[in-house]
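# Residue-level structure breakdown
Listed below, chain by chain, are the residues.
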Amino acid sequence: MVEPQVRALFAEQASSEPPPSQVSLELARSQGRRRLRRRRAGLASAPVLAVAAIAAVVLTARPPAPGAPARSGAASSAASGAVSAGDAPRQFSPLIAYASFGWLPAGHPFVQGSSDKTEVSLYANKSVFLLAYSADHPCQLTTARLDCRTSTGGERESIIGRAPAVHGHAAFWTEGHGFLVWQYARGGWAWLQLGPDGTGGREQRAAVRVADHIRLGAGAATPIAFPAQLTRIPRSWHIDNVEYQPYAGGVRASNYDLGNGPGLFLGITIGPATAGSTCHIAGALKPVHEIINRHRVIVGHGPATKNELADQELCAAHADGLTVDISEIGNHPAIGVVSLFTRRYRLLGPRPKHWTTTPIR
Amino acid sequence: MPDDRERSAVSASRDAEYTRYVSARLPSLRRLAVVLCQDWQRADDLVQATITQLYVHWGRASAAEHTDAYARAILVREFAHERRSAWARRVRLNGEVTDPAAAAVDHDAALDLRTAVAALPPRQRAALVLRFYCDLNVEQSAQLLGCSPGTIKSQTAKALHTLRGALEPRRSADITDRSPAESGRRSYGEVPDHG
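Only a predicted model underlies this, so the values are computations on that prediction, with no experimental measurement involved.

### Some thoughts on the overall build of chain A
Helices and strands together make up the secondary structure of chain A, namely five helices and 22 strands. Taken across its 361 residues, chain A has 54% of its residues classed as buried. Of the accessible surface of chain A, which amounts to about 15,300 Å², a share of 54% is contributed by carbon and sulfur atoms.

### A look at the state of the cysteines
Residues and elements named next belong to chain A. In the structure shown here, the tally under the stated rule is one disulfide over all chains. Disulfide pairing places Cys139 opposite Cys148 at an S-S distance of 2.1 Å. Looking down the S-S bond of the Cys139 and Cys148 bridge, the torsion is 115°, so its handedness is right-handed. The same class applies to Cys139 and to Cys148, which are both buried.

### Notes on the pairing of strand 15 (residues 238-247) of chain A
Residue and element names in this part refer to chain A. Buried residues dominate strand 15, accounting for seven of its 10 residues. Of the strand pairs in this sheet, strand 15 and strand 16 (residues 250-259) are connected by nine bridges, and their pairing is antiparallel. When the sheet's bridge partners are listed, Tyr247 is paired in strand 16 with Gly250. Counted between consecutive antiparallel strands, the loop separating strand 15 from strand 16 contains two residues, among which Gly249 sits at a positive phi close to 85°.

### Digging into unusual backbone geometry
Residue and element names in this part refer to chain A. For His167, which is not a glycine, the phi torsion comes out positive at approximately 50°. Its location among the elements puts His167 in the loop between strand 8 (156-166) and strand 9 (169-174). Residue classification places His167 among the partly exposed residues on the basis of a relative accessible area of 46%. Phi angles above zero are rare outside glycine, and Asn293 is one such case at about 50°.

### So, the environment of Asp116(A)
Along the chain, the position of Asp116(A) falls in the loop between strand 3 (110-115) and strand 4 (119-124). Side-chain polar atoms of Asp116(A) contact the backbone nitrogen of Thr118(A), separated by 3.0 Å.

### Observations concerning the confidence of the model for chain B
Residues and elements named next belong to chain B. Looking at chain B, the pLDDT average stands at 70 and 65% of residues meet or exceed 70. Put simply, helix 5 (residues 86-93) is where chain B has its lowest mean pLDDT, 33, and helix 7 (residues 122-132) is where it has its highest, 90. Note on residues 171-195: pLDDT is under 50 here. Beyond four places in sequence and across chains, it has 12 contacts. Of the two predicted TM-score estimates for the complex, the pTM is 0.61 and the ipTM is 0.72.

### So, the pattern of salt bridges
Scanning the model with the defined rule gives five salt bridges over all chains in all. Between Asp135(B) and Arg7(A) there is a salt bridge, and its shortest N-O distance comes to 2.7 Å. Residue Asp135(B) is found in the loop between helix 7 and helix 8 (138-145), and its partner Arg7(A) is found in helix 1 (residues 3-15); the two belong to separate chains. Using a relative accessible area of 53% as the deciding quantity, one classes Asp135(B) as exposed.

So, how was this worked out
Residues numbered from 1 in each chain as written. Chains lettered and ligands numbered in written order. Predicted model: local features only at pLDDT ≥ 70, side-chain atom pairs only at ≥ 80, totals over all residues. Heavy atoms only, no water. Helix = DSSP H or I, 4+ residues; strand = E, 2+ residues; numbered from the N terminus. Buried < 20%, exposed > 50% of the residue type's maximum accessible area, 1.4 Å probe, protein only. Areas by Shrake-Rupley, 256 points an atom, 1.4 Å probe, with all protein chains shown as cover. Disulfide = S-S within 2.5 Å. Pairing = 2+ DSSP bridges. Polar contact = N/O pair within 3.5 Å; in protein donor to acceptor, adjacent residues only side chain to side chain. pLDDT = per-residue confidence, 0-100. Contact = heavy atoms within 4.5 Å. Salt bridge = Lys/Arg side-chain N within 4 Å of Asp/Glu carboxyl O.

See below:
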């Protein structure tokens with residue numbers, strides 16, 4: 001009988017001493033919020049939709065601020081809004097990395113960042129997490145708490161004490177999630193957490209040192225490089241948010257989402273392919289293998305249902321040295337994933353020198 | 001219709017409730033994930049994807065009769081269907097994850113079993129974990145994995161068959177290592193005489 005051995009193996013594995021957790025609650029909340037926003041935007045076009053969802057879209061879809069980019073995707077959109085020195089950007093451009101770690105403790109390499117209009121985040125291995133808001137995401141500081149909540153998310157933390165100043169700005173410790181918070185520029189607040197608890201003296205000292213070396217805001221802006229370029233897509237399509245990773249000398253996009261307001265969600269995951277790169281499409285989308293532009297791809301389509309919009313996905317494990325996954329949600333998309341991949345998505349190869357900071361031409 | 005302030009209060013309360021729940025359950029989610037993934041790094045990726053999904057569906061999860069079962073279902077389905085979050089994809093694309101199936105071969109029986117379990121297809125492994133680690137019956141396992149009881153039975157049977165097959169050469173080899181007296185005078189390749 002092999003069952004007792006299997007039970008014993010599972011029990012032994014479950015009771016083994018776990019290594020320090022690399023799971024980040026803050027990252028989950030940040031990405032979860034983003035998905036909720038996408039879902040609200042996508043669902044708003046469904047005819048069966050209730051008034052509540054439409055109200056959510058109205059709340060999230062603010063008109064662009066004067067000076068803010070008209071279309072995220074062109075090189076000129078690197079501007080972060082008209083701000084004077086010392087002011088936080090009113091909005092961030094999703095195509096720009098506005099923050100960077102200058103120093104991290106040994107064993108905590110920077111692994112991922114993200115950027116959208118109102119927040120940027122950086123994540124270093126083993127739960128070092130930085131979140132910074134633009135001036136369009138207002139925060140209220142009282143003696144008891146810092147409240148940065150809006151209708152679409154945000155944080156609220158109780159202040160438990162004064163922390164050493166960061167870059168000359170007043171900083172505070174919070175309870176609960178153990179953040180160090182400070183106003184990095186007029187109108188813009190930053191939150192830093194080091195480790196899952198982050199409240200011990202050692203973590204606090206390290207947090208202050210990490211914060212002191214963080215470069216944040218318009219002065220630290222670095223364009224994000226994209227390994228592919230979208231061409232001849234509708235003018236209303238724009239990039240809403242970008243997740244990026246470090247590569248030698250800069251940062252490159254790894255995931256990005258496009259929207260055109262309610263009705264379109266297009267998500268792209270891209271990166272240099274390795275020998276072990278594979279791609280999968282969930283079984284519900286009925287995957288079909290095809291050859292497109294000499295590349296082996298898998299394409300899946302999920303029909304619209306009463307409560308959900310239709311979705312489609314295309315992935316290629318190796319396409320001109322890149323691994324690509326494109327997913328799209330919408331009942332009547334102007335361009336499907338196959339057409340997009342075939343004619344409107346120019347792959348730039350695995351070499352960074354060929355990449356572009358203008359992902360939509 | 002709720003105004004901005006009410007929405008904001010609801011959102012903050014939702015976040016606080018979610019954070020409390022996940023903080024408390026993180027160790028058990030990681031344990032379940034490592035049994036499924038057989039690797040702590042993959043396990044943490046899986047938990048990361050799970051708690052992100054849980055955040056998106058928190059309204060439904062917190063209202064569920066058993067929130068733990070809901071969270072466990074997300075984790076197991078995420079694993080079984082190989083639906084990868086952007087986070088997990090990133091790790092895999094970079095090739096940073098070690099492949100348990102390609103782990104160094106060790107001739108110790110326990111490690112043979114571990115390697116064989118790690119090489120099982122995800123749904124078979126998930127079925128074994130639900131039956132023999134979570135101690136769920138066939139119906140409960142089927143409900144959690146979102147499939148029929150028959151599928152759970154067949155996946156479990158296939159997995160056990162594969163594991164027996166993987167361990168069999170080792171058992172036979174053990175026998176040849178022993179003296180004929182110890183091994184009941186059987187040697188590798190001989191059919192035991194039950195007559």
